[in-house]
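Here is how the chains run, residue by residue.
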Amino acid sequence: FQIEKYRILQPILEHLAKKLGYSVKFSARDGVEQVNVLCAKAPWDVALTTAVGSREQLVKGGSVGIILLASLSERELRQILKNEEETEALIARIDDFRKEGFCFNPATLDQTARYHVDALSVPVTNAENVITGVLTILSTPGVLVQAEKQELINEMQKAAEFCADVMY
């Protein structure tokens, strides 16, 4: 896994963060994990960010994990999900992503919950339409729930196309 090869995408993330007003991250798959490889901070004093280089199991990785799981073959997916307790819920979320083309993970203020940020994610694909990464915008709980998601998704998809053009 070569995290350095993604640095060329940083200006795209910076532009998207400024345009949308949300922090943006780019994640890629490394085996059964997702890796946050880039982050651009929202253009305001207090903004959510994610640590570059942080890793999470695909099955635990929220909206990014769902999109990266959707990129796997059925055999690979079965292998990864074979020991998971919430397999049906994960498969339902993967199916929703495949229908919608994006994944939204709303935050909760519940202290015991796993996610405390809203996350809206779209895939980055190569010329063969294979998912190679994920662009995500982050916000405080409830902000993206009330946002005009389709406008955000349209801008994110344009940025994803730029990422694909630059990378491939």
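Being a predicted model, the structure only gives us computed values, none of them experimental.

## Describing the sheet that holds strand 6 (residues 131–139)
Overall, antiparallel pairing links the six strands, which are arranged 3-2-1-6-5-4 in an open sheet. Single-partner strands in this sheet number two, and they are strand 3 (55–57) and strand 4 (103–105). Shown here is a sheet whose adjacent strand axes are inclined to one another by a mean of 30 degrees, direction ignored. Bridge count for strand 4 against strand 5 (residues 118–125) is three bridges, and the pairing is antiparallel. Residue pairing for strand 5: Phe-104 is matched across the bridge by Leu-120. This element, helix 4 (residues 87–100), spans strand 4, strand 5 and strand 6 of the sheet and lies at about 130 degrees to strand 4.

## So, helix 4
With 14 residues, helix 4 extends 20 Å from end C-alpha to end C-alpha; this agrees with the ideal 20 Å at 1.5 Å per step. The complete set of buried residues in helix 4 reads Leu-90, Ile-94 and Phe-97. End-on, the buried residues of helix 4 take up no more than an arc of 60 degrees, which puts them together on one face. Facing away from the buried side of helix 4 by more than 90 degrees, the exposed set consists of Glu-88, Lys-99 and Glu-100. Looking at the buried side of helix 4, the elements it contacts are helix 2 (62–70), helix 3 (74–81), strand 4, strand 5 and strand 6.

## Observations concerning the packing of helix 1 (residues 10–20) against helix 6 (residues 149–167)
Their axes nearest at 10 Å, the elements helix 1 and helix 6 cross at an angle of 170 degrees. The angle between the axes of helix 1 and helix 6 places the two elements in the roughly antiparallel class. On the side of helix 1, the interface is formed by Ile-12, Leu-16, Lys-19 and Leu-20, while helix 6 contributes Leu-152, Glu-155, Met-156, Ala-159, Phe-162, Cys-163 and Val-166. Grouping the amino acids of the contact of helix 1 with helix 6 by side-chain chemistry returns nine nonpolar, no polar and two charged.

## Brief notes about the pairing of strand 2 (residues 33–40)
Counting buried positions along strand 2 yields seven of eight residues, so the element is predominantly enclosed. Two strands pair when backbone bridges link them, and strand 1 (residues 23–30) and strand 2 are joined in this way by seven bridges, in the antiparallel orientation. Across the sheet, Arg-29 pairs through a bridge with Gln-34, a residue of strand 2. Taking the residues that link successive antiparallel strands as the turn, the strand 1-strand 2 hairpin has two residues, and the phi of Gly-31 there is positive, at about 65 degrees. Inspection of the sheet shows strand 2 paired to strand 3 by three bridges, in the antiparallel sense. Looking at the pairing, Val-35 lines up with Arg-55 of strand 3.

## Observations concerning the nonpolar core
If you look at the biggest cluster of nonpolar residues, it comprises 30 residues, and the most contacted ones within it are Leu-9, Leu-13, Phe-26, Leu-120, Leu-135 and Ile-137. Secondary-structure elements contributing two or more residues to this core are helix 1, strand 1, strand 2, strand 5, strand 6 and helix 6. Looking at which element gives the most residues to this core, the answer is helix 6, with seven residues. If we skip the residues at most four places from it in the chain, Leu-9 touches Phe-26, Leu-38, Cys-163, Val-166 and Met-167. Val-64, Leu-69, Ile-80 and Ile-94 belong to the second largest nonpolar core, which has 18 residues in total.

Here is what the cut-offs are and how they apply
Residues numbered from 1 in each chain as written. Predicted model: local features only at pLDDT ≥ 70, side-chain atom pairs only at ≥ 80, totals over all residues. Heavy atoms only, no water. Pairing = 2+ DSSP bridges. Helix = DSSP H or I, 4+ residues; strand = E, 2+ residues; numbered from the N terminus. Axes fitted to C-alpha atoms, helices over the stretch in contact; angles between N-to-C directions. Contact = heavy atoms within 4.5 Å. Expected span 1.5 Å × (residues − 1). Buried < 20%, exposed > 50% of the residue type's maximum accessible area, 1.4 Å probe, protein only. Arc of directions from axis to C-beta. Parallel < 35°, antiparallel > 145°, perpendicular 65-115°, else oblique. Nonpolar A, V, L, I, M, F, W, Y, C, P; charged D, E, K, R; others polar. Core = buried A, V, L, I, M, F, W, Y, C linked by side-chain atoms within 4.5 Å.

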